[in-house]
Amino acid sequence: TDSRLRYTADSFYCTPKWILTMNIRSAASSIAFAVLFLFAQAAVAEVTRLSETVEVTDDAEVFGAPLDADARSASLQTLLDNPADYLDTSVRVEARISQVCQKKGCFMIASAGDRAVRISFRDYSFFVPTDTSGKTVTLTGTLVERVLSEKQAAHFREDAGSDTIQAGKVYEIVADAVSIPRS
């Protein structure tokens with residue numbers, strides 16, 4: 001019989017090298033693609049959006065209530081440098097968000113230089129998307145003074161995935177509205 005038509009355990013050794021190489025390359029490419037696909041899926045964090053917008057423009061989405069046009073404007077740095085001047089008054093602040101609660105979007109941390117402030121939402125009535133971190137938002141709300149217990153601070157640290165929040169006397173902005181850029 002013709003030796004090319006026999007299939008035995010030895011036939012692997014009679015297969016031309018280019019066919020083996022092609023199969024190994026195909027398998028390696030398939031494996032590499034699968035691994036990259038899995039890493040890409042893991043890298044794309046799932047965004048949680050638990051609240052509807054109250055206003056949408058070409059540039060931004062507003063959560064909570066419409067921004068208060070009559071609120072007193074101040075930079076976050078000024079607010080943190082002179083909290084007594086702004087306590088319990090309606091303020092309008094533009095701030096870069098450094099962290100967002102990754103469970104629900106129920107609070108944010110805004111930074112100004114080496115200082116930070118926690119931003120909660122009035123009466124727990126709305127949340128922001130969990131991908132808001134890194135964006136500069138405009139918000140209106142009230143600056144309040146609070147005392148956080150170690151238990152509360154630990155809870156907030158866990159939700160934010162960071163050690164930024166410490167126990168003790170803190171200032172916090174209770175937001176009524178947050179405008180987040182769409183980009």
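A few points on the structure.

About the thresholds
Residues numbered from 1 in each chain as written. Predicted model: local features only at pLDDT ≥ 70, side-chain atom pairs only at ≥ 80, totals over all residues. Heavy atoms only, no water. Helix = DSSP H or I, 4+ residues; strand = E, 2+ residues; numbered from the N terminus. Buried < 20%, exposed > 50% of the residue type's maximum accessible area, 1.4 Å probe, protein only. Contact = heavy atoms within 4.5 Å. Areas by Shrake-Rupley, 256 points an atom, 1.4 Å probe, with all protein chains shown as cover. Disulfide = S-S within 2.5 Å. Lys, Arg positive; Asp, Glu negative; His and termini not counted. Salt bridge = Lys/Arg side-chain N within 4 Å of Asp/Glu carboxyl O. Core = buried A, V, L, I, M, F, W, Y, C linked by side-chain atoms within 4.5 Å.

## A look at the overall build of the protein
Then step 1. Broken down by element type, the protein carries four helices and eight strands.
Then step 2. For the protein, the succession of helices and strands along the chain, N to C, is α-α-β-β-β-α-β-β-β-β-α-β.
Then step 3. Counting across all 183 residues of the protein, residues that qualify as buried make up 34%.
Then step 4. Restricting to contacts in the protein with at least 6 residues of sequence separation, those with at least 24 account for 66%.
Then step 5. With the model as given, the accessible surface of the protein reaches about 11,500 Å², and the carbon-plus-sulfur share is 54%.

## A short note on the state of the cysteines
Then step 1. Under the criterion given, the structure shown has zero disulfides.
Then step 2. Cysteine Cys101 is unpaired, with the sulfur of Cys106 as its nearest cysteine sulfur at 3.6 Å.
Then step 3. Accessibility expressed as a relative area gives 0% for Cys101, which makes it buried.

## Examining the side chain of Lys135
Then step 1. Relative to the helices and strands, Lys135 resides in the loop between β6 (115-121) and β7 (136-148).
Then step 2. Of the side chains with opposite charge, Asp131 comes closest to the buried, unpaired Lys135, at an N-O distance of 4.6 Å.
Then step 3. Ignoring any residue separated from it by four or fewer positions in sequence, one finds Lys135 in contact with Ala95, Arg96, Ile97, Ile180, Pro181 and Ser183.

## A short note on the pattern of salt bridges
Then step 1. Throughout the structure, instances matching the rule amount to seven salt bridges.
Then step 2. Where Arg118 meets Glu172, a salt bridge forms, and the shortest distance between an N and an O atom there is 2.8 Å. Taken as a pair, Arg118 in strand β6 and Glu172 in strand β8 (residues 168-181) lie far apart in primary sequence, 54 residues in all. Neither residue differs from the other here; Arg118 and Glu172 are each classed as buried.
Then step 3. Among the charged side chains, a network of salt bridges with common partners joins Arg118, Arg146 and Glu172.

## Side note on the nonpolar core
One recurring pattern in soluble globular proteins: nonpolar side chains tend to sit buried together.
Then step 1. With 26 residues, the main nonpolar core has Leu76, Leu79, Met108, Ile119 and Val178 as its most contacted residues.
Then step 2. Counting residues per element, the ones that place at least two in this core are α3 (76-81), β4 (90-100), β5 (107-112), β6, β7 and β8.
Then step 3. When residues of this core are assigned to their parent elements, the largest contribution, five residues, is made by β4.
Then step 4. In this view, Leu79 contacts Ala74, Tyr86, Val91, Val93, Leu143 and Ile173; residues no more than four positions away in its chain are not counted.
Then step 5. Formed by ten residues, the second largest nonpolar core is a distinct cluster that contains Cys101, Phe107, Ala153 and Val170.

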